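In case you want the letters, here they are:
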Amino acid sequence: MNRSRGQQRTQFVCQECGHESARWMGFCPSPACGSPLPLQELDVRPPPAGSRTWLPSAAEPPTELSTLEPEDRQRLLLPSAELNRVLGGGIVAGSVALLAGEPGVGKSTLLLQLARYLSEGGRPVTYLSGEESPHQIKLRSERLGFSGDRVFLETETDVDQALARLEESRPAFAIVDSIQTLYTQDAPSGPGSVAQVRECGLKLMRWAKLRNVPVFLAGHMTKDGSLAGPRVLEHMVDLVMYLEGQEVSSYRVLRSGKNRFGSTTEIGVFEMTGQGLVEVPDPSRALLAQRYERGVGAALAPTLEGSRPLILEIQALTSPAFAPVPRRVANGVDYNRLLMLAAVASRRSGLELGGQDIIVNVAGGFRVTEPAADLAIILALASSLYNRPLDPHLVAIGEVGLSGELRTVPQVERRVSEAARLGLHRCILPETARDRLGKLPDIEPIFARTVRQAVRAALGSPNRPDPEINGNDGDFEPDDLVFE
């Protein structure tokens, strides 16, 4: 017996990826998902008549690709160089961007500052907020020193009603804070569910493409650090940005995870202050200004984030383990990478780390994602293990292999030049990078083929005391370091 038109039907939806099934299958059958959560039963109702009044009455006919003329549209540049870098050179008309981050990291502050940049340029902005009242947003704008001219607030959470108002006002820019608070009658369940997030995101994307208006969405993060809602939302939008930062640090890093109009390797660095997010044009110098030069267990690593070289401080702490299994804690570095480097340092370099608790941290709340910091991590571990500070003007560059060999990394000359610009005088490099470097008048290169040679060049003899800690002169030669 056929169901009558308008009768509701039942679907089973994965709460992580949004996979739909007409039958109960227990858990998500998608091999790319692997969610431990059971499928959620939803009653799917047909959309009510007239629910999509914002769409045009007649669809445009198909257009032949060869008849289209390339349009030379300039990007909308912002006063913030950090934002322009992450966006790929500015905002593209009709683009949809998703800004994700943990609660309290500064998503709403960044979006309000973005509205300020555009409104001060004479462009009307519609700010659709489903989490805060207009008075709460006004308090934030006063803290930022922004009067709010040409920024129009909406508190509507029905996406169809919100799109109807956007169709009437036709702003130059739209902000939605957040996508999890919107709902539509075309989808079952409540706001924030898989079906609601997907449908609301799809409607906002259609309107942005149709009216050529850029739309920025704020998204919540789950406990495991992933974006809340179905992954299909990330595939629909043009740009996915992550605002990262630690609670104990005032620095915030804006990182691009997807960008159809630019590179995904660029980052923007900001500092959270009483006046909002202030961009940090030279983060390397700002981080080195807070560094204790005689600190034990600290090494400098030149890394590359897109087109920007950064000098990051890798901190390590080792202490005798009192538990049967030593602990390994990684903040800002990959945990599995730390396990590998600790094993290589113990097996190939003679560092007795098997009975030590190891804690590795990247200062400032930054995150290292490339293997160029491998050597700096091992040098920081060796410095902590032998209680000897490294040369404060020393940087280390190199990828570490399982055999303990040092491998070169891309754009090594740019990294060395950044270290020389900041007044660092010595640099430990892989032997294979000797032919790639030109003349370096301001820095002394130290080439090493293995991790053992690099540790010997950085620490000298661990059996000789440090002059500042033990009151000894501590003069030594690099060849004095011998590991059994």
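Before reading on, note that the structure itself is shown above.
All figures in this text were calculated on a predicted structure; none of them were measured in a lab.

*Asks:* Describe the environment of Ala458, listing the residues and the values that go with them.
*Replies:* By the secondary structure assignment, Ala458 is in helix H11 (residues 451-459). If we ignore the near neighbours within four places in the chain, the residues touching Ala458 are Leu379, Leu390, Leu394 and Ile428.

*Asks:* So what about the nonpolar core? Which residues, and what values?
*Replies:* Core analysis: the largest hydrophobic core is formed by 48 residues, its most contacted members being Ile314, Val360, Phe366, Ile377, Ile378, Leu379 and Ile428. For Leu379, the contacting residues outside a window of four places in its chain are Ala299, Leu390, Ala396, Ile428, Ala454, Val455 and Ala458. In terms of nonpolar packing, the next biggest core, distinct from the first, is built from 31 residues, Val86, Leu99, Phe146 and Ala218 among them.

*Asks:* Report on the side chain of Arg415, specifying residues and quantitative values.
*Replies:* Note on placement: Arg415 falls in helix H10 (residues 412-421). Accessibility expressed as a relative area gives 1% for Arg415, which makes it buried. Residues in contact with Arg415, not counting those within four places in the same chain, are Pro302, Thr303, Leu304, Glu370, Ala372, Ile397, Val409 and Pro410.

*Asks:* Explain helix H5 (residues 194-211) to me, using residue names and the numbers behind them.
*Replies:* With 18 residues, H5 extends 26 Å between its outermost C-alpha atoms, agreeing within 8% with the 26 Å of an ideal straight helix rising 1.5 Å per residue. Positive phi appears at Asn212, one or two residues downstream of H5, with a value of about 60°.

*Asks:* Describe the layout of surface pockets, and please don't skip the residues or the numbers.
*Replies:* Quantified by volume, the largest pocket comes out at close to 430 Å³. Lining of the largest pocket is provided by 18 residues; of these, Glu102, Leu243, Glu244, Gly245 and Arg367 occupy positions nearest its centre. Elements with a minimum of two residues in the lining of the largest pocket: strand S4 (96-101), strand S9 (239-244) and strand S15 (328-331). No other element matches the three residues that S9 contributes to the lining of the largest pocket. For the lining of the largest pocket, a count of residues per class yields eight nonpolar, seven polar and three charged.

*Asks:* Report on empty space enclosed by the protein, specifying residues and quantitative values.
*Replies:* In this structure the tally under the stated criterion is two cavities of 30 Å³ or more. Space inside the largest cavity adds up to approximately 70 Å³. Taken together, Leu87, Gly90, Ile91, Val92, Ser95, Val96, Ala97, Phe216, Leu239, Asn259 and Phe261 form the lining of the largest cavity. Tallied by class, the residues present in the lining of the largest cavity amount to eight nonpolar, three polar and no charged. Reported here for the second largest cavity is a volume of approximately 30 Å³.

*Asks:* Report on unusual backbone geometry, specifying residues and quantitative values.
*Replies:* With an omega dihedral of 5°, the bond running from Asp177 to Ser178 counts as a cis peptide bond. One non-glycine residue, Arg170, lies in the positive phi region at around 50°. Along the polypeptide, Arg170 turns up in the loop between helix H4 (159-169) and strand S7 (173-177). Classification of Arg170 by relative accessible area gives partly exposed; the value is 44%.

*Asks:* Can you tell me about the environment of Glu305, naming the residues and giving the values?
*Replies:* With respect to the helices and strands, the residue Glu305 is situated in strand S13 (residues 298-305). The class for Glu305 is buried, based on a relative accessible area of 8%. Separated by 63 residues in the primary sequence, Glu305 and Val368 have C-alpha atoms spaced 9.2 Å apart. In this view, Glu305 contacts Arg255, Thr265, Glu266, Ile267, Leu310, Arg367 and Thr369; residues no more than four positions away in its chain are not counted. A distance of 3.4 Å separates the side chain of Glu305 from the side chain of Arg255, its partner in a polar contact.

Basis of the calculations
Residues numbered from 1 in each chain as written. Predicted model: local features only at pLDDT ≥ 70, side-chain atom pairs only at ≥ 80, totals over all residues. Heavy atoms only, no water. Helix = DSSP H or I, 4+ residues; strand = E, 2+ residues; numbered from the N terminus. Contact = heavy atoms within 4.5 Å. Core = buried A, V, L, I, M, F, W, Y, C linked by side-chain atoms within 4.5 Å. Buried < 20%, exposed > 50% of the residue type's maximum accessible area, 1.4 Å probe, protein only. Expected span 1.5 Å × (residues − 1). 1 Å grid on protein atoms, 1.4 Å probe; cavity = no way out; pocket = protein on both sides within 12 Å on 5 of 7 lines; lining within 4 Å. Points joined across faces, edges and corners; volume = space filled by probe spheres on them. Nonpolar A, V, L, I, M, F, W, Y, C, P; charged D, E, K, R; others polar. Polar contact = N/O pair within 3.5 Å; in protein donor to acceptor, adjacent residues only side chain to side chain.

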